[in-house]
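Read off the chains here:
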Number of protein chains: 2
Amino acid sequence: MTIKDVAEYSGVSISTISRVLNNHPDVREEVRAKVLAAIKELHYVPNSSARDLVKTQSDAIGIVVRGVENPFLTSVISSIEKAISNAGYTMVIHQIGTEDDEVSAGAGLVRSKRLCGLILLGGRFDYTPGQTATIEVPFVCCTYTNSFGSLDKKSYSSVFIDDYAEAYKAVKLLIENGHRKIAILLGATDDHSISELRYKGYCDALSDAGIEFDESLIERTQGYSMKKAYDSTKRLYARRDDFTALFAISDSMGIAAIKALHNLGVRVPDDCSVIAIDGIEVSKYTIPALTTLIQPRKLIGHEAVRILVDVIKGKKNCQLRVETELRIGETVAPPK
Amino acid sequence: MTIKDVAEYSGVSISTISRVLNNHPDVREEVRAKVLAAIKELHYVPNSSARDLVKTQSDAIGIVVRGVENPFLTSVISSIEKAISNAGYTMVIHQIGTEDDEVSAGAGLVRSKRLCGLILLGGRFDYTPGQTATIEVPFVCCTYTNSFGSLDKKSYSSVFIDDYAEAYKAVKLLIENGHRKIAILLGATDDHSISELRYKGYCDALSDAGIEFDESLIERTQGYSMKKAYDSTKRLYARRDDFTALFAISDSMGIAAIKALHNLGVRVPDDCSVIAIDGIEVSKYTIPALTTLIQPRKLIGHEAVRILVDVIKGKKNCQLRVETELRIGETVAPPK
DNA sequence: TAGAAAACTGAAAACGTTTTCAGTTTTCTA
DNA sequence: TAGAAAACTGAAAACGTTTTCAGTTTTCTA
C-alpha cells in the first residue's frame, strides 16, 4: 500500500497525492476530496522512512536519559510524551548507562534517526564546544542542574531548577523553625550536579544562620534508592542520635528516612523534623505527610517540549528556571 | 556524511561499506578493518531512514499505552525500555486517549513507522479478526487482563496476571485472618478488565467462605488516583464504619485509603486491615508498611520484550501468565 | 601450472516519498 | 475573444541505503 496505489486508485499522479498529504495549496478542491477519500478507503498511511529520507529529517524528538528508575524522571518523561504527542511529533527514548556520555549518545541518535530535536534529561551535562561529538539539532537540557560545561549559555536551551537555592530554602525553613542540629541525606557523590549543589545550599544556609558546620551530620548514600536511604538513616542515627531535623534531597529518600526513624523509635516530627525536595504524589499520603518543595514536573516536561519546538521552528534558545513550591505536610515542627 | 563519503575515504565501493556494516562475510579482513577505521574516523552513522526504506522495516518496537500516569505502568515501561535497548532495538512510545482504539492506533503506527513489533500496554483490549485495522507485525498484549476479544489465543502473544485469581488470593488471606466484613475499593467501572475481574475474585472468595455479599461494602472510585481513593474511603466509612478489612485494587489506592482511615481515627491494622495488589517500591516504606501482592513488573516488561523479539525472529506466539507474590507488610492482622 | 572453485568486489536497481521544473488547463482582463 | 496570468498537474530526479547479479581476483586441486 504505497502512494502509487493511491494515485492509481484515484486517477491522479503521485505528485498530487503528495501535495494533498502535505497540504500544498496547488490542488483543486475537488481533486483533494477525491484523494482524501481514496486514502481513507485504502487505509493508506505514508511511509515515514521514505519521507524522512527525502526530507533528511524526521518528526521524532529523542529523549536521552540516564536510567529510568527515578520516579521523578519517569513522571517528567510522562509529561514530555504527552506534550510531544500533542505537538504532532513522535518520541524516541534512548537510555544510556552510567558511564556513557550523553552528548555522544545524543549526537549518534540524531544522525541515525534523523531526529529533529533532542531532550537531555536529568544528568550531569558536559558539553564543550569543539568536542568531537556535536549535536546537530536543537536540544533542551532538561535536568536538575543548571551547570552546563563550558558552553555558552546562549547556545542551548534548558529548563532547570536552581538546586543550590532550593536546598537553601529547605534548610532555611528548618532553621526558622528553630532547628540547629540539622542532618542531611545526600545522594551518590559520583553524580556531581545535584548532590553537590544541594549540599552547598545546605552549608550556606547553616553558615548564614551562624550555625557551625558539623561533618558528622552529613550522610552520603551510594545512590538514590529508598533502600540505601533507609540504611543510611540508620547509620547516621547510630553515629549521632541528637539531630532534631533532617533534610533529604529527594522525596523518596525522605520517605525512607521517616520509616527508618520510625523503626528506631524516633517520632516525626516530634523528635525529628524532615523536609525533602520533589513533591511526588505519594508523599501527600504518607503518615505523617511529607513536607517538601514541589518540583513542577508537569511544567518542566511541558515547557521543555514547548521550548524545543519553538527552537525547531526557528526561535531563539531559551533558558527557563522554574521554582519549587512549598507543600506543607506534617513532618516539620519546632524542636522540643 | 553518507556511505558514499566513507566509500571514497576508504577507497572501496559503497557496496563494500554496506557489507561491512551488516557483517556480511564476503569482505576481506584487511578491507573490513580499513573500512571500520574510516567509519570511526569520520564519525559516520548510517541513516536509518534509508535503511528502513529498503528493508521495508525498522528496528523500532512501538509501545501503545493509554495514559502514562499510572506509576505501575511507568515502571513496566521502564523495564521494557531497558530490555529493548539491550536487544538492540529502539523504542517508540505512542500514547492514546481514553476513547481511542488501540488496535487502529497500533496498526497506523506500524505502517507509518515501519515498526518491527508492537507492545500493547495495560488496557482493555478488543481485537476481532476481520476488523478493518489489522496489526501487520508481531505484537504482545502486555496488560492487566487476559481477556482478548474474540481473537484466537494462539494468534497473538501476551503477558498477564490472572486478575480474578489474584484478587481471590488477596481476599482469601483476609478471610483466613478471621475477617468477615471486608470492604473493597474498586477503580473506575468504565475500564472493564481490571476492576471487573478483581471484583469477581472478591465476590467468589467471599461466597466460597460462606460470607454473604453486602452491597454497601463495595466502593467504586471514579478512577485510580490517590485523591479519588482517599475521598472514596471517607465516603465508604461514612456509610459503614464497621468493616474490619479493606481490599484495595492497587497499592496507590491502598496507601491513600490508609491515610484516610488514619485521619478518621481508624488504626491500621488494629481496627482495620488493608491489603492491595501491585507491590510498588514505596509501599515498603509507608507507616505501616502495606501488605500487598507484588506484580513482577520487571519480569513483565522483560518477558514481553523477550517474547516479542522471539516472535519477530520467527518463533511461535506465546501466552505467559505471571504470578504475584505476597509481600507481608504491617497492615493485615486478625480483627479484634 | 592450468583450470575450477571460492572469495571478493562493484554497478545498478530498488525501497517510497518530496520537490523542482516544465507543461497544460482554466480563469481573468482589456 | 485573444492573450496573459493563475491554477493545476505530472515526469523525473533525488534522498541514502541494501541487495542482486555479474565480473574479477585469489586460492586450491590434480
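Residues numbered from 1 in each chain as written. Chains lettered and ligands numbered in written order. Predicted model: local features only at pLDDT ≥ 70, side-chain atom pairs only at ≥ 80, totals over all residues. Heavy atoms only, no water.

**Considering the domain arrangement of chain A**
Then, in step 1: Per the domain assignment, the segments of chain A are domain 1 (3-161 + 297-321) and domain 2 (163-294).
Then, in step 2: Placing the centre of domain 1 of chain A and that of domain 2 of chain A at their C-alpha centroids yields a distance of 38 Å. (Domains from an automatic or database assignment.)

**What to know about the packing of aromatic side chains**
Residue and element names in this part refer to chain A.
Then, in step 1: Inspection of every chain in the model, using the stated rule, returns eight aromatic pairs over all chains.
Then, in step 2: Seen from their ring centres, Tyr237 and Phe243 are 6.4 Å apart, and the 85° between their planes marks the pair as edge-to-face.
Then, in step 3: For Tyr237, a relative accessible area of 24% gives the class partly exposed.
Then, in step 4: Over the face of the ring belonging to Tyr199 we find Arg220, whose NZ or CZ atom lies 5.0 Å from the ring centre. (Phe/Tyr/Trp six-rings, centres within 6.5 Å; stacked < 30°, edge-to-face > 60°. Buried < 20%, exposed > 50% of the residue type's maximum accessible area, 1.4 Å probe, protein only. Lys NZ or Arg CZ within 6 Å of the ring centre and 35° of its normal.)

**Focus: unusual backbone geometry**
Glycine aside, a negative phi is what most residues show, and trans is what most peptide bonds show.
Then, in step 1: The omega torsion of the bond from Val268 of chain A to Pro269 of chain A falls at 5°, within 30 degrees of zero and hence cis.
Then, in step 2: Assignment of secondary structure puts Pro269 of chain A in the loop between α10 (251-263) and β9 (273-278).
Then, in step 3: Residues other than glycine seldom take positive phi values, yet His43 of chain A does so here, at roughly 55°.
Then, in step 4: Here Thr56 of chain B, not a glycine, exhibits a phi torsion of approximately 50°, which is positive. (Helix = DSSP H or I, 4+ residues; strand = E, 2+ residues; numbered from the N terminus.)

**Considerations on the sheet that holds strand β4 (residues 139-142) of chain B**
Sheets are built from strands paired through backbone hydrogen bonds, the pairs being either parallel or antiparallel.
Then, in step 1: Read across the open sheet, the twelve strands follow the order β11(A)-β5(A)-β4(A)-β3(A)-β1(A)-β2(A)-β2(B)-β1(B)-β3(B)-β4(B)-β5(B)-β11(B); overall the sheet is mixed. Either end of the sheet is taken by a strand with one partner, and the two such strands are β11 (319-321) of chain A together with β11 (319-321) of chain B. In this sheet, adjacent strand axes meet at a mean angle of 20° when their direction is disregarded.
Then, in step 2: In this sheet, β11 of chain A lies alongside strand β5 (residues 157-160) of chain A in parallel orientation, the contact comprising three bridges. Of the residues in β11 of chain A, the one forming a bridge with Ser158 of chain A is Gln319 of chain A. (Pairing = 2+ DSSP bridges. Axes fitted to C-alpha atoms, helices over the stretch in contact; angles between N-to-C directions.)

**Re the protein's contact with DNA strand D**
Then, in step 1: Near DNA strand D there are 26 residues, and of these Ser13, Thr16 and Arg19 of chain A together with Ile3 and Ser18 of chain B occur at the shortest range.
Then, in step 2: Of all DNA strand D atoms lying within 4 Å of any protein atom, the proportion belonging to sugar or phosphate reaches 59%.
Then, in step 3: Thr16 of chain A has a polar side-chain atom sitting 2.8 Å from a phosphate oxygen of DNA strand D.
Then, in step 4: Within the contact set of DNA strand D, a base nitrogen lies 3.4 Å away from a backbone nitrogen or oxygen of Ala50 of chain B. (Near = heavy atom within 4 Å. Polar contact = N/O pair within 3.5 Å; in protein donor to acceptor, adjacent residues only side chain to side chain.)

**Describing the relation of the copies chain B and chain A**
Then, in step 1: Superposition record for chain B on chain A: RMSD 0.1 Å, screw rotation 180°, translation along axis 0.1 Å. On this basis, the relationship between the two copies can be described by a two-fold rotation axis.
Then, in step 2: Taken together, the interface assignments show that 100% of the residues at the interface of chain B recur at the interface of chain A, consistent with an identical surface on both copies. (Least-squares fit on C-alpha atoms with pLDDT ≥ 70 in both. Contact = heavy atoms within 4.5 Å.)

**A word on the sheet that holds strand β6 (residues 182-186) of chain A**
All names here are of chain A.
Then, in step 1: The six strands are arranged β7-β6-β8-β9-β10-β12 in an open sheet whose pairing can be described as mixed. The sheet is open, and its two edges are formed by β7 (218-220) and β12 (325-327), each paired on a single side. Pairwise comparison of adjacent strand axes, ignoring direction, gives a mean angle of 20° for this sheet.
Then, in step 2: Here β9 runs beside strand β10 (residues 291-294); their pairing, made up of four bridges, is parallel. Its bridge partner being in β10, Ala276 is matched across the sheet by Thr292.
Then, in step 3: Where helix α9 (residues 226-239) meets the sheet, its contacts fall on β6, β7 and β8 (245-248), and the angle it forms with β7 comes to roughly 150°.
Then, in step 4: The sheet strands contacting α10 are β6, β8, β9, β10 and β12, and the helix crosses β9 at an angle near 160°.

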